[in-house]
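Residues per chain are reported as follows:
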Amino acid sequence: MTESIFDSILKQIEDFQPTIEAVEVGYVMEVGDGIARVSGLDNVRYNELVRFQNGTAGIVFNLEKDNVGVIIMGEYDTIQEGDTVSPLGRIASVPVGMGLVGRVVDALGNPLDGKGPIASNEFMNIERIAPGVMKRKSVNRPVQTGILAIDAMIPIGRGQRELIIGDRQTGKTAIALDTIINQRGQDMYCIYVAIGKRRGEVARIQATLEQYGAMDYTILVVASASDAAALQYIAPFAGCAMGEWFMENGKDALIIYDDLSKHAAAYRQVSLLLRRPPGREAFPGDVFYLHSRLLERAAQLSDEEGGGSLTALPIIETLLGDVSAFIPTNVISITDGQIYLESELFYAGQRPAVNTGISVSRVGGAAQTRAMNKTAGGLRLQMAQFRSLAAFAQFGSNLDKTTQEQLDRGLRLNELFKQSQYNTLALSEQIALVYAGTSGLLDGIPVERVGAWKADFVRAMRAQYSDLASAIDADAKKGLSDETRAKLENTIKSFNETWS
């Protein structure tokens, strides 16, 4: 018995064939301020993930002759010169798929909400080539924001890139949140990327989305102000990869980057630390390419590619309304239009504080239902005439009857566009309100009472006139029929008779 065991062990030793596996290992030459210079990684690729000796991840950012610059994705206090660095053999990627929906994750896709690991076996690179021209088709389906002023005059289409721009505290995030909340039942998945925001603010946003049931179809990607600049830099790319999974699987997704001003600042920080040459306002020379390669990934895919879409709503913060600054002009030139929020309007009580004069959607009526397009067709012109007349009327000149009527109607439309946050409107309600305002059915209502009339009419539409809402919804795609239009007019007239 002892001899057979001995013979078995001896045979195993004789049959053993040693294998040699070459593993590339680098060494930290220099570390500090969230970046490290590493030598010995001759075969590493740009954007490849590496792991430091203390377990912290990093991304290869600079490829130089005798070393590589690595941006550190976490704590770097315990990393020291001489520590080993191992390449992970894969480009920076994040988990994607339905397992992310309803979750709060960091820029690397790690969960932050304490609900356990992400249920996903699929990964996508954070940096990907945007779909080519032949893979796209023109934008022709609306994204209903639920905000009357935007849906009527600055419509957003599925697959569009519409910039939200304005000074701090003018309601940019409020528009983004209202848009997400309004997607309930619209077959749209949402990704909200918080870049450089305070953790308390992110917690409030999460609580708001949960309160309105919006987390059921939303992913929250967080790179807060206390996170490393490297995480803030890759967060929008990570969120975009998550959104592209929906688009490439024939679904519709909406992504909000809040905001790209902080994203550019984070990119400037890591670039300067790695001694890339600075340009205008100390931003590196490729800061335009940074945002163009991100925003170009939003698209409406052709039917052959599955017909999915990714709509991008980037947010840019201006300083004292200066839209001609470096980053704002860059992003304006990349996007398909902008919603411009003005501090003066905000402080004057116009909420949302949208300046309809210089806000524009370059997709236009193609992103509206036919009924809304026909009803709101002359609205921009009416508002433009009102603005020029209001400026003229300030001089106190005597106005003729027609001019005074135009001015009064403009004031009523302005009141109609005022809308409190988290109070979104259905498409049928928007069409009814725009019709009332443009057809003169509100001319008998005092200007200061238009807001109360609007609230009561919307309440009546939801309770008493549900058949009218159904008729408008049924006609939405082909345009209001004469029968529905007459029904709408009679309903508003009868409501005005009883309303006080």
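Residues numbered from 1 in each chain as written. Predicted model: local features only at pLDDT ≥ 70, side-chain atom pairs only at ≥ 80, totals over all residues. Heavy atoms only, no water.

*Asks:* I would appreciate a short explanation of a nonpolar patch on the surface in the present structure.
*Replies:* Taken together, Ile5, Ile9 and Ile13 make up a surface patch of nonpolar side chains, about 290 Å² in accessible area. Tracing the backbone through its elements, the reader meets Ile13 in helix α1 (residues 2-15). (Patch = residues over 30% accessible without salt bridge, like charges linked within 9 Å, V, L, I, M, F, W, Y side chains within 5 Å. Areas by Shrake-Rupley, 256 points an atom, 1.4 Å probe, with all protein chains shown as cover. Salt bridge = Lys/Arg side-chain N within 4 Å of Asp/Glu carboxyl O. Helix = DSSP H or I, 4+ residues; strand = E, 2+ residues; numbered from the N terminus.)

*Asks:* Would you mind showing me how to read the sheet that holds strand β16 (residues 309-318) here?
*Replies:* The strands that make up a sheet are held in pairs by hydrogen bonds between backbone atoms, and each pair lies either parallel or antiparallel. Sheet architecture is open: 8 strands sit in the order β8-β14-β13-β15-β16-β12-β17-β18, paired in mixed fashion. Taken across any chain shown, the strands that pair with only one partner, and hence form the sheet edges, are β8 (104-105) and β18 (360-361). Where strand β12 (residues 163-167) lies against β16, 4 bridges are found, and the strand directions are parallel. Residue pairing in the sheet places Ile164 in a bridge with Ile315 of β16. Most of the contacts of helix α6 (residues 260-273) go to β16, to which it runs at about 80 degrees, and overall it touches β13 (188-195), β15 (252-258) and β16. (Pairing = 2+ DSSP bridges. Contact = heavy atoms within 4.5 Å. Axes fitted to C-alpha atoms, helices over the stretch in contact; angles between N-to-C directions.)

*Asks:* Sorry, what's going on with the pairing of strand β5 (residues 68-72) here?
*Replies:* Looking along a regular strand, one sees side chains alternate from face to face of the sheet. The buried count for β5 comes to 5 of 5 residues, which makes it a mostly enclosed element. Judged by which residues are buried, β5 turns out to be covered on both faces: Val68, Val70 and Ile72 on one side and Gly69 and Ile71 on the other are all buried. One ladder, built from 4 bridges, connects strand β2 (residues 35-39) with β5; its direction is antiparallel. Within β5, the position partnered with Ala36 by the bridge is Val70. Relative to β5, strand β4 (residues 57-63) runs antiparallel, the two being bridged by 5 bridges. Across the sheet, Asn62 pairs through a bridge with Gly69, a residue of β5. With antiparallel pairing between neighbouring strands as the criterion, β4 and β5 make up a hairpin whose turn holds 4 residues. (Buried < 20%, exposed > 50% of the residue type's maximum accessible area, 1.4 Å probe, protein only.)

Read these as geometric descriptors, not functional statements.
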